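# Chain and residue survey
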Amino acid sequence: MYRKVEYKETDFHVGKRYAHLKDPNQCPMCNLGIKPKYINQNYNHESELMSIMFECPACDRTFLAHYYDPSDSVYQPSTCKVFPKFPIEKNFDKDLKILSPEFEKIYNQAIIAEDHNLDQIAGMGYRKALEFLIKDFCISEKPDEREKIENNFLGKVIEEYIEDRIIKNLATYSAWLGNDETHYKRKWKEKDIEDLKKFIDATVYFVSYKIIAKSAEAIVTNKR
């Protein structure tokens, strides 16, 4: 099934066939930009899959790169998949972690799902992270309304409990995009998960700004 092939930098020969492959330029484990060291390779004729083992010069760990052959003669795959892959988790501001301890955990689990090509469930994870962030933020603003906030739909919480216009608009649109990741039919067909993440990140920015501003206001008020 497998036949050893000759390797010279990124040039490969399989019988009379020729391939020029692009080496991975980032280690999937330490996530640093690298020029990987070639170790070995195999070619599967049935699946037309080239498997190449590389070593990262930064962390000294080995990884596999899979290239797929779409033709019978010359192939130049535009993408390859690398394994194992350790995603870069996002580290949020300390005050945000205190406000919503579960938000960062859920968000980073969504990153892991997305990096493992689980695109049909990653969006749901980002949507859940958003709900925890918004509800925790609203509870911090109106602690006496905790039970109502916890039990209400996200859209209703945003509408009734967020007073800041910028945060309200960002949270509303983020929720709409997030709902598309959980529903059977999409309403925002021109948008994708990258747009969802962009608006959630913007929401995070302004929520963090609000937390800092509130803290500064309390300090200044106590000093007067």
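Rules used throughout
- Residues numbered from 1 in each chain as written.
- Predicted model: local features only at pLDDT ≥ 70, side-chain atom pairs only at ≥ 80, totals over all residues.
- Heavy atoms only, no water.
- Helix = DSSP H or I, 4+ residues; strand = E, 2+ residues; numbered from the N terminus.
- Buried < 20%, exposed > 50% of the residue type's maximum accessible area, 1.4 Å probe, protein only.
- Polar contact = N/O pair within 3.5 Å; in protein donor to acceptor, adjacent residues only side chain to side chain.
- Contact = heavy atoms within 4.5 Å.
- Salt bridge = Lys/Arg side-chain N within 4 Å of Asp/Glu carboxyl O.
- Axes fitted to C-alpha atoms, helices over the stretch in contact; angles between N-to-C directions.
- Parallel < 35°, antiparallel > 145°, perpendicular 65-115°, else oblique.
- Left-handed = near helix turned anticlockwise from the far one by under 90°.
- Nonpolar A, V, L, I, M, F, W, Y, C, P; charged D, E, K, R; others polar.
- Patch = residues over 30% accessible without salt bridge, like charges linked within 9 Å, V, L, I, M, F, W, Y side chains within 5 Å.
- Areas by Shrake-Rupley, 256 points an atom, 1.4 Å probe, with all protein chains shown as cover.
- Pairing = 2+ DSSP bridges.
- pLDDT = per-residue confidence, 0-100.
- Phe/Tyr/Trp six-rings, centres within 6.5 Å; stacked < 30°, edge-to-face > 60°.

## Focus: the side chain of Asn 108
- The topology assignment puts Asn 108 in helix α2 (residues 101-115).
- The class of Asn 108 is buried, set by a relative accessible area of 6%.
- There is a polar contact of 2.6 Å between the side chain of Asn 108 and the backbone nitrogen of Lys 90.
- If near-sequence neighbours (up to four positions away) are discounted, Asn 108 is found in contact with Glu 89 and Lys 90.

## Quick word on unusual backbone geometry
- Between Phe 83 and the following residue, Pro 84, the backbone shows a cis peptide bond with an omega angle of -15 degrees.
- We note that Asn 117 has phi near 65 degrees; this positive angle belongs to a residue other than glycine.
- Counting through the fold element by element, Asn 117 comes out in the loop between α2 and α3 (119-141).

## Structural notes on the pattern of salt bridges
- Here the structure, examined in full by the defined rule, presents 14 salt bridges.
- Residue Lys 210 pairs with Asp 164 through a salt bridge whose shortest N-O separation is 3.9 Å. Of the two residues, Lys 210 sits in helix α7 (residues 193-223) while Asp 164 sits in the loop between α5 (154-161) and α6 (165-180), which places them 46 residues apart along the sequence.
- One connected set of salt bridges, linked through shared partners, spans Glu 114, Glu 194 and Lys 197.

## Regarding the packing of α3 against α7
- Relative orientation of the contacting elements α3 and α7 amounts to 20 degrees, with a least axis distance of 11 Å. Classified by the interaxial angle, the pair formed by α3 and α7 is roughly parallel. At the point where α3 passes α7, the crossing takes the left-handed sense. Taking contact as the criterion, the partners of Ala 122, Gly 123, Tyr 126, Leu 130, Leu 133, Ile 134, Phe 137, Ser 140 and Glu 141 in α3 are, on α7, Ile 193, Leu 196, Lys 197, Ile 200, Thr 203, Val 204, Val 207, Lys 210 and Lys 214.
- Of the residues in the contact of α3 with α7, the class split is 11 nonpolar, 3 polar and 4 charged.

## A look at a nonpolar patch on the surface
- Residues Ile 39, Met 53, Leu 64 and Phe 83 make up a contiguous nonpolar surface patch of roughly 280 Å² in combined accessible area.
- By secondary structure assignment, the location of Ile 39 is in strand β5 (residues 37-44).

## With respect to the pairing of β5
- Pairing between β5 and strand β6 (residues 49-55): 7 bridges, direction antiparallel. Looking at β6, one finds that Asn 44 is bridged to Leu 49.
- Hairpin connection of β5 to β6: 4 residues between the antiparallel strands, including Glu 48 at a positive phi of 55 degrees.

## What about the confidence of the model for the protein?
- With 86% of its residues at a pLDDT of 70 or more, the protein has an overall mean of 86.
- Predicted confidence for residues 1-10 stays below pLDDT 50, and this span has 32 contacts to residues more than four positions away or in other chains.

## Overview of the packing of aromatic side chains
- Enumeration according to the criterion identifies 10 aromatic pairs in this entry.
- An angle of 50 degrees between the planes, with centres 5.7 Å apart, marks the rings of Phe 103 and Tyr 107 as tilted. Linking Phe 103 with Tyr 107, this pair stays in helix α2, spanning 4 residues, or about one helical turn.
- Among the residues examined, Phe 103 registers a relative accessible area of 1% and is labelled buried.
- The exposure class assigned to Tyr 107 is buried, which follows from its relative accessible area of 2%.
- Taking the centre distance of 5.2 Å and the plane angle of 80 degrees together, the rings of Tyr 173 and Trp 188 count as edge-to-face.

## Here's the deal with the packing of α2 against α7
- Two elements in contact, α2 and α7, have axes separated by 13 Å at closest approach and are oriented at 160 degrees. As summarised for this structure, α2 and α7 are arranged roughly antiparallel, according to the angle between their axes. In this structure, α2 crosses over α7, and the sense of that crossing is left-handed. Of α7, the residues touching α2 (which contributes Phe 103, Tyr 107 and Glu 114) are Ile 193, Glu 194, Lys 197, Ile 200, Asp 201 and Val 204.
- In the contact of α2 with α7, the residues fall into 5 nonpolar, no polar and 4 charged.

## Notes on the pairing of strand β7 (residues 62-68)
- Bridging between β6 and β7 involves 7 bridges; their strand directions are antiparallel. Among the inter-strand pairings, Glu 55 is bridged to a residue of β7, identified as Thr 62.
- What sits between β6 and β7 in their antiparallel hairpin is a turn of 6 residues, with Asp 60 showing a positive phi close to 65 degrees.
- Bridge analysis of β7 against strand β9 (residues 81-83) gives 3 bridges, and the strand direction is antiparallel. The residue of β9 that forms the bridge with His 66 is Lys 81.

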